[in-house]
Amino acid sequence: MSFRETWRTLGTATTLSYAFGRVAARIPSVSWHRYRLIAVPLSGMPKMPRGHVVRELSAGELKTLVIDAPLDVQADRFARGLICLGAFDGEVLVGVNWLARGQYDEDEVDVRFLLPDDAAWDTGLWIREDRRLGRAFAALWAGTGTWLAAQGLKRSLSRIADYNLGSLRPHERMGGRTLGMLAAARLGALQIATGVRPAAVRAGAGTPAVCDLRGC
């Protein structure tokens, strides 16, 4: 896609954000991220496609399977209280989704999301490459919906890079609603962000900025 086509598709603000992020990624100790915070209602999630099942995976079971996250990342997520849902087509694992309740500490920027009582945070969604054009996505979201309902929850929250139309559009088709935007710039050890308190923190110091979504 040419720069002009990108501009037309994404709009001015998102195109500039994307360009700035690409430039920042080339500079040591500098980064830029801009996210759309999305809520997907339980009512918009699909029904389970035939032949698929979704179930919660233990840390021990997940170690025997192949996903995108290495073992140290898996261990960290389980240690932070996340649960992992695995989607299967017969006996074949075709995707996973990670869910958190109460709060979620973002690993790409130094931000802690405080979550509403009726919602879970979903992150790290992965689908096996050879199943990305099939029904694995629908199965994973159907299973996520079943898990949410079993917990008495009504929606799933997540953050998506503002330029990631490949992820934003499927969320919108499920009735996803934008709760707000979050932008974070890191300059050395200092992180400055919008939509959080405090706006400036020392990254990695153990006291992340807080994004309170409990009133959303």
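Please read all numbers here as calculations on a predicted model, not as lab measurements.

1. Re the sheet that holds strand β5 (residues 103–105)
Working step 1: Across the sheet, which stays open at both edges, the three strands sit in the order β5-β6-β12 with mixed pairing between neighbours. Looking at which strands have only one partner, the edges of the open sheet turn out to be β5 and β12 (209–212). Strand-to-strand twist in this sheet, taken as the mean axis angle between neighbours without regard to direction, amounts to 20 degrees.
Working step 2: As judged from the four bridges shared by strand β6 (residues 111–114) and β12, these two strands associate in the parallel manner. By the bridge assignment for β12, phenylalanine 113 is matched with cysteine 211.

2. Some remarks on the nonpolar core
Working step 1: Counting residues in each nonpolar core, the largest one holds 32 residues, and the members touching the most others are Ile67, Val96, Val111, Phe113, Trp121, Leu182 and Cys211.
Working step 2: By residue number, the principal contributor to this core is strand β4 (residues 92–100), which donates four residues.
Working step 3: Apart from residues no more than four positions distant in its own chain, leucine 182 is found in contact with His33, Arg34, Tyr35, Val111, Phe113, Thr194, Val196 and Cys211.
Working step 4: Core analysis: the next-biggest nonpolar cluster, separate from the first, contains 21 residues, Ala87, Val94, Trp141 and Leu148 among them.

3. Some remarks on the environment of valine 40
Working step 1: Within the secondary structure layout, valine 40 lies in strand β1 (residues 30–41).
Working step 2: By relative accessible area, valine 40 is classed as buried at 1%.
Working step 3: The spatial distance from the C-alpha of valine 40 to the C-alpha of histidine 52 is 22 Å, given a sequence separation of twelve residues.
Working step 4: Sequence-distant contacts of valine 40, that is, excluding residues within four places in its chain, are made with Met45, Lys154, Arg155, Ser156, His171, Met174 and Gly176.

4. What to know about the state of the cysteines
Here is the idea: a disulfide is a covalent bond, and it sits between the sulfur atoms of two cysteines.
Working step 1: Here the structure, examined in full by the defined rule, presents zero disulfides.
Working step 2: Of all cysteine sulfurs in the structure, the one in cysteine 216 sits closest to cysteine 211, which takes part in no disulfide; the separation is 7.3 Å.
Working step 3: What makes cysteine 211 buried here is its relative accessible area of 4%.

5. Section: the pattern of salt bridges
Working step 1: Throughout the structure, instances matching the rule amount to ten salt bridges.
Working step 2: Two residues, aspartate 76 and arginine 80, come together in a salt bridge whose shortest N-O distance is 3.1 Å.
Working step 3: Looking at aspartate 76, the relative accessible area reads 38%, which means it is partly exposed.
Working step 4: Overlapping salt bridges bring together Glu106, Glu108 and Arg159 as one network.

About the criteria used
- Residues numbered from 1 in each chain as written.
- Predicted model: local features only at pLDDT ≥ 70, side-chain atom pairs only at ≥ 80, totals over all residues.
- Heavy atoms only, no water.
- Pairing = 2+ DSSP bridges.
- Helix = DSSP H or I, 4+ residues; strand = E, 2+ residues; numbered from the N terminus.
- Axes fitted to C-alpha atoms, helices over the stretch in contact; angles between N-to-C directions.
- Core = buried A, V, L, I, M, F, W, Y, C linked by side-chain atoms within 4.5 Å.
- Buried < 20%, exposed > 50% of the residue type's maximum accessible area, 1.4 Å probe, protein only.
- Contact = heavy atoms within 4.5 Å.
- Disulfide = S-S within 2.5 Å.
- Salt bridge = Lys/Arg side-chain N within 4 Å of Asp/Glu carboxyl O.

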